[in-house]
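Chain by chain, the residues run as shown.
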Amino acid sequence: MKNTRTIGVLTSGGDAPGMNACIRAVTRAAINEGWTVQGIYRGYEGLMDGEIRELTTESVSNMIQRGGTFLKTARSKDFMTEEGRQKAYENLVKFGIDALIVIGGNGSLTGAQLFAREYDIPVIGLPGTIDNDLYGTDATIGYDSALNTIVECVDKIRDTANSHDRIFFIEVMGRDAGFLAQNSAIASGAEAAIIPEGSTDVDQLAEFIERGKRKSKNSAIVLVSEAQKDGVGGAFYYAERIKNEYPQFDARVTILGHLQRGGTPSAYDRILASRMGYAAIEALLEGQRNIMIGIKNDEIVYVPISRAVKMNKPINQELITVLNVLSM
Ligand code: F6P
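The structure reproduced in this document is the subject of the present report. A quick note: this is a predicted structure, and the numbers were derived from the prediction, not measured. (Residues numbered from 1 in each chain as written. Predicted model: local features only at pLDDT ≥ 70, side-chain atom pairs only at ≥ 80, totals over all residues. Heavy atoms only, no water.)

### What about the sheet that holds strand E6 (residues 167–172)?
- Strand order in this open sheet of four strands is E7-E8-E6-E9, and the pairing throughout is parallel. If you trace the sheet from one side to the other, it starts and ends with strand E7 (192–194) and strand E9 (251–255), each paired once. Neighbour to neighbour, the strand axes of the sheet diverge by 25 degrees on average, direction disregarded.
- Here E6 pairs with E9 via five bridges, running parallel. When the sheet's bridge partners are listed, Phe 168 is paired in E9 with Arg 252.
- Packed onto the sheet, helix H6 (residues 179–188) meets E6, E7 and strand E8 (220–225) and runs at close to 160 degrees relative to E8. (Pairing = 2+ DSSP bridges. Helix = DSSP H or I, 4+ residues; strand = E, 2+ residues; numbered from the N terminus. Axes fitted to C-alpha atoms, helices over the stretch in contact; angles between N-to-C directions. Contact = heavy atoms within 4.5 Å.)

Right under this line is the structure:
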């Protein structure tokens, strides 16, 4: 392994609070080793188009507290083609980049894995997504901030739900994973969460209504994961069911949408992003390749990217029990 190297860093997929803190950490840790850092703009799109500029210590000043990603991001269809990845590789060679750091979620790291298989370049993945859906890490960068944003919103909705004795279905993001819905439900004292992980074997709405009969409450907050790829689920679906099947209740819907992805990163996410960004450079120094940096029991771990993207990260059953018992 040569001593001086040039690394490329990009953010890809949905932006997540803490991505800037992570770019800062990667940049400064690399510069500390005497390396050069090339910032790749607009994710894989910018890699294919050669939108690449050097990052210095100053480029990442005043960034740790900023939401979004100053490198910008994109969801790239072209990178999923062989021609796209060939173009990307040519630009890495052109800019003398000999290791690539990808900050992103499941789709972005799947792209990274394909690339690493085809070309002889070490790739290190950093889990940056509000969904928390990557296997092998307890948390992803951005998840904690999004969770806090959701809880703040739910607290506000609670006031109006109470005043009108209504059931609110509050839809949150998470793609195929229910972490945001389940944990924001616990943190906001909600009455239920309806999550993709639980939807196959039980009717979660009927179960919630059944449990509700035992309660003295007249209003309720239900956190609902967004609709799945097949269009099933989502807050409107459940509100419609209430109208048809339980007309005695007055239901309303709030879709929190992209509000969840914005805002300044929480302290937890800033620290996580800093530790993980630093760890990515340490991993390269150790000669690691094609791994994702994760965190387990507060220790940095290396996870093969292939496992991180393919394995399902289960929701801890304890979280479901805690919500069910405490929402009485
Ligand atoms: O993966 C992050 C995420 O915010 C998901 O929770 C959501 O399903 C998706 O991105 C939305 O993507 P877009 O911003 O491209 O509509």
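What follows picks up the thread again.
### A look at the packing of aromatic side chains
- Enumeration according to the criterion identifies six aromatic pairs in this entry.
- Ring geometry for Tyr 89 and Tyr 119: centres 4.4 Å apart, planes at 15 degrees, overall stacked. Of this pair, Tyr 89 sits in helix H3 (residues 82–94) while Tyr 119 sits in the loop between helix H4 (106–118) and strand E5 (123–127); the two residues are 30 residues apart in sequence, bridging distant segments of the chain.
- Tyr 119 sits in the buried class, given a relative accessible area of 14%.
- Taking the centre distance of 5.3 Å and the plane angle of 45 degrees together, the rings of Phe 115 and Tyr 119 count as tilted. In this structure, Phe 115 and Tyr 119 share a single accessibility class: buried.
- Ring pairs connect the aromatic residues Tyr 44, Phe 79, Tyr 89, Phe 115 and Tyr 119, which therefore count as one cluster.
- In this structure, Arg 5 packs its charged tip against the face of Trp 35, placed 5.6 Å from the ring centre.
- Here the basic side chain of Lys 313 rests over the ring of Phe 179, its NZ or CZ set 5.2 Å away from the ring centre. (Phe/Tyr/Trp six-rings, centres within 6.5 Å; stacked < 30°, edge-to-face > 60°. Buried < 20%, exposed > 50% of the residue type's maximum accessible area, 1.4 Å probe, protein only. Lys NZ or Arg CZ within 6 Å of the ring centre and 35° of its normal.)

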